[in-house]
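# What the coordinates show
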Amino acid sequence: MRVLFATAELSPIATVGGLAAAAAGLGRELRRAGTDVDLVMPDYGGIALVDETSFELDVPDWVGAAVVRRGRYPGVGPLTLISVPGMARAHPYLRPDGEGWPDNSERFFRFGRAVAALVERDAPDVLHLNDWHTGVALAALEDPPPTVVSIHNLAYQGVADGPWLDLIGPRGSHYEWWGGTNPLSGALALADRVVAVSPNYAIEIQTPEDGFGLDGPLRERGDALVGILNGIDTDLWNPETDPHVPANFSRKDLSGKAVCRTALLERVGFADDAIPLATVVTRLTEQKGIDLLVPLIPLLGQIPMRLAVLGSGDAVLAARLHELADQHPDHFAFVEGYDEALSHLMFAGADAFLMPSRFEPCGLTQMQAMRYGAAPVVTAVGGLVDTVPDADRNPKGLGFVADEVTTEHLLAAMFRAARTVSRKRERAALCKRMMAVDWSWTEPAERYAELYAGLCRART
Ligand code: ADP
Ligand code: GLC
């Protein structure tokens, strides 16, 4: 079976959020299990391929020249890059000042239209689109192959004003959205299956509270909508072999974790003592709820708990976190930036990992944390509900859940986490449970492969 899998991000080539890791992880596992996956992404420039061939796509004038480069990318395997005018930029979505490029919708409409041309040329058995960036592809295809659309984050929809409905293709009217063009709503209407990246998110997005305006259209697609939980790359996130941490460890021998903890305490400037150490690794956006932690920072000493945040994004929030780190150096540290190597130590050295998300389609960091024996403290939203049963309410629990997205509920969950990780035996038992869970892509990839096969059978 040949699957054309289109995504705006792919680790390690273009990484903004979890979409990059999810696309790479699912693509790799599907290939390993025998599916022929054509990974297709925008050519952002400066991406060198081995054994490269190239050709031009047949696209309408408004798209401009669409050139495909095909070859192999080290560590990824076969890769297809599509260049369209305006796509090659240093960051996929953001200007150097952190604002979005003003022509983002247009850039990805061109890309989506070019993906449709590639589908017409290559005739894959299945088309798999991800998020709004690829959604326009279905407008141009009057007889598309069975199509799956994955929703990684409904908060981003790429809506544009302008004459796009007539341009994007014969089925453009499906994309009409309050007078504008919504690449995601059209794709959701036209896809054979819509996949949310966790079962709980599949339910949440059908409600007005979490549907970002698309709950109605999603309820209409109810029968076609499923939730499949993401996995993580368990080779990359492996405490037994991780080259980014000073000592390796396993659930049978946790001694290396203590070495990592000492190294992390030193790295962020905390004393090497027994007070629980929690970390956060995140994009600094409204979604992640880091602002909810701000009022807690002066109270950390009373829990007691120390907190170290690695994050990049919103400049105002970053400035506030720097200020708080200056004011509370014994309990709070902030490292600004996107630092993959350090992120491994932030998981490996931590006793707990905080994720106070307002919404979370799946979330990968809580799984990465558990893989390294850091107990997640999470809000009860999205994929966090599917991955983190509460350890105080469930003998097989894996973390600590704040029932409501409020500072007060987070504080209560942090207290409970601090109590458990301070008790040697309880802590060891929790570590072993967390580290025993299989978070790999094996099972999710099987689910996707079954989905593809079912859609193909239904067509014949
Ligand atoms: P989202 O996609 O909403 O940002 P996820 O939890 O799905 O959230 O995925 C985020 C991915 O990006 C994880 O692999 C995480 O380790 C990584 N990440 C996020 N912020 C940083 C950072 N500041 N430095 C290094 N890695 C980060
Ligand atoms: C999005 C979501 C995140 C999810 C990731 C991968 O970025 O915010 O929750 O894990 O996509 O699907």
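Please read these numbers as outputs of a predicted model, since none were measured by experiment.

This part takes up the pattern of salt bridges. Under the defined criterion, the tally for this structure stands at 24 salt bridges. For the salt bridge of Arg219 with Asp215, the shortest nitrogen-to-oxygen distance reads 3.0 Å. Taken together, the positions of Arg219 and Asp215, both in helix H7 (residues 215-220) and 4 residues apart, correspond to about one turn of that helix. A relative accessible area of 44% places Arg219 in the partly exposed class.

Turning our attention to the sheet that holds strand S14 (residues 332-336). Taken in spatial order, the 6 strands line up as S14-S13-S12-S15-S16-S17 in an open sheet, and their pairing is parallel. The open sheet has two free edges, formed respectively by S14 and strand S17 (400-402), since each of these has just one partner strand. Looking at each pair of strands side by side, their axes are set apart by 20° on average, direction ignored. Sheet topology note: the strand S13 (residues 306-313)/S14 ladder contains 5 bridges and is parallel. Paired with Val309 across the strands is Phe334, a residue of S14.

Before going further, it helps to spend a moment on the site of ligand 2. Taken together, 14 residues are adjacent to ligand 2, and His152, Asn230, Glu360, Cys362 and Gly363 come closest. For ligand 2, an oxygen atom lies 3.1 Å from a polar atom in the side chain of Gln287. Within the backbone of Cys362, a nitrogen or oxygen atom sits 3.0 Å from an oxygen atom of ligand 2. Relative to its unbound accessible area of 310 Å², ligand 2 is 94% covered by the protein chains. Grouping the amino acids of the shell around ligand 2 by side-chain chemistry returns 6 nonpolar, 6 polar and 2 charged. Both of domain 1 (2-231 + 441-459) and domain 2 (255-436) provide at least three residues apiece to the shell around ligand 2.

The local shell around ligand 1 holds 18 residues, among which Gly18, Arg283, Lys288, Gly337 and Leu364 are the closest. Between an oxygen atom of ligand 1 and a side-chain N or O atom of Lys288, the distance comes to 2.8 Å. Within the complex, the protein chains bury 92% of what would otherwise be the 560 Å² of accessible surface of ligand 1. Looking at the shell around ligand 1, the elements with two or more residues in it are strand S12 (277-284), S13 and helix H11 (365-371). When residues in the shell around ligand 1 are grouped by element, the largest group, 3 residues, is from S12. In the shell around ligand 1, the residues fall into 4 nonpolar, 10 polar and 4 charged.

Take the side chain of Arg221 next. Within the fold, Arg221 resides in the loop between H7 and strand S11 (225-227). The buried charged residue Arg221 lacks any salt bridge, with Asp192 as its nearest oppositely charged partner at 6.4 Å.

We now examine the domain arrangement of the protein. According to the domain assignment, the protein contains domain 1 (2-231 + 441-459) and domain 2 (255-436). Its C-alpha centre places domain 1 at a distance of 32 Å from the equivalent point of domain 2. Between domain 1 and domain 2, the contact holds 19 residues from the first and 14 residues from the second. A buried area of about 1200 Å², summed over both sides, lies between domain 1 and domain 2, and 62% of it is on carbon and sulfur atoms. Linking domain 1 with domain 2 are 7 residue pairs in polar contact (both at pLDDT 80 or more), by the criterion used here. Only helix H1 (18-32) and helix H6 (199-204) provide two or more residues apiece to the side of domain 1 that touches domain 2.

A few words on the sheet that holds strand S1 (residues 2-6). Spatially, the 9 strands line up as an open sheet ordered S3-S4-S5-S2-S1-S6-S7-S10-S11, and their pairing is mixed. Strands with a single pairing partner mark the edges of an open sheet, and in this sheet they are strand S3 (50-56) and S11. Strand-to-strand twist of the sheet, defined as the mean angle between neighbouring strand axes without regard to direction, takes the value 25°. Together, S1, strand S2 (36-42), S3, strand S4 (67-73), strand S5 (77-83) and strand S6 (126-130) form the strand contacts of helix H2 (residues 104-122), whose direction differs from that of S2 by roughly 150°. Contacts from helix H15 (residues 442-459) reach S1, S6, strand S7 (147-151), strand S10 (193-196) and S11, with the element oriented near 145° to S7.

Below, the discussion takes up the environment of Pro395. Looking at where Pro395 falls in the secondary structure, it is placed in the loop between helix H12 (382-387) and S17. On a C-alpha basis, the gap between Pro395 and Leu430 in space is 9.8 Å, while along the polypeptide they are 35 residues apart.

Taken together, the side chains of Asp58, Glu120, Glu142 and Asp143 make up a negatively charged region of the molecular surface. With respect to the helices and strands, the residue Glu142 is situated in the loop between helix H3 (137-140) and S7. Taking relative accessible area as the criterion, Glu142 reaches 63% and is therefore assigned exposed.

Taking 1.5 Å as the rise per residue, H2 with 19 residues should run 27 Å; its terminal C-alpha atoms sit 27 Å apart, in good agreement. By the criterion of burial, H2 is predominantly enclosed, with 16 of the 19 residues buried. At the exit of H2 stands Ala123, carrying a positive phi of roughly 45°.

Before going further, it helps to spend a moment on the packing of helix H13 (residues 407-422) against helix H14 (residues 424-436). Viewed as axis vectors pointing N to C, H13 and H14 meet at an angle of 100°, and their least axial separation amounts to 5 Å. On the basis of the axis angle, H13 is roughly perpendicular to H14. Together, Thr420, Val421 and Ser422 of H13 and Lys424, Glu426, Arg427 and Leu430 of H14 make up the contact between the two elements. Classifying every residue of the contact of H13 with H14 by side-chain character gives 2 nonpolar, 2 polar and 3 charged.

Rules and cut-offs
- Residues numbered from 1 in each chain as written.
- Chains lettered and ligands numbered in written order.
- Predicted model: local features only at pLDDT ≥ 70, side-chain atom pairs only at ≥ 80, totals over all residues.
- Heavy atoms only, no water.
- Salt bridge = Lys/Arg side-chain N within 4 Å of Asp/Glu carboxyl O.
- Helix = DSSP H or I, 4+ residues; strand = E, 2+ residues; numbered from the N terminus.
- Buried < 20%, exposed > 50% of the residue type's maximum accessible area, 1.4 Å probe, protein only.
- Pairing = 2+ DSSP bridges.
- Axes fitted to C-alpha atoms, helices over the stretch in contact; angles between N-to-C directions.
- Near = heavy atom within 4 Å.
- Polar contact = N/O pair within 3.5 Å; in protein donor to acceptor, adjacent residues only side chain to side chain.
- Areas by Shrake-Rupley, 256 points an atom, 1.4 Å probe, with all protein chains shown as cover.
- Nonpolar A, V, L, I, M, F, W, Y, C, P; charged D, E, K, R; others polar.
- Domains from an automatic or database assignment.
- Lys, Arg positive; Asp, Glu negative; His and termini not counted.
- Contact = heavy atoms within 4.5 Å.
- Buried area = accessible area lost by both parts, 1.4 Å probe.
- Patch = residues over 30% accessible without salt bridge, like charges linked within 9 Å, V, L, I, M, F, W, Y side chains within 5 Å.
- Charge placed at Lys NZ, Arg CZ, Asp CG, Glu CD.
- Expected span 1.5 Å × (residues − 1).
- Parallel < 35°, antiparallel > 145°, perpendicular 65-115°, else oblique.

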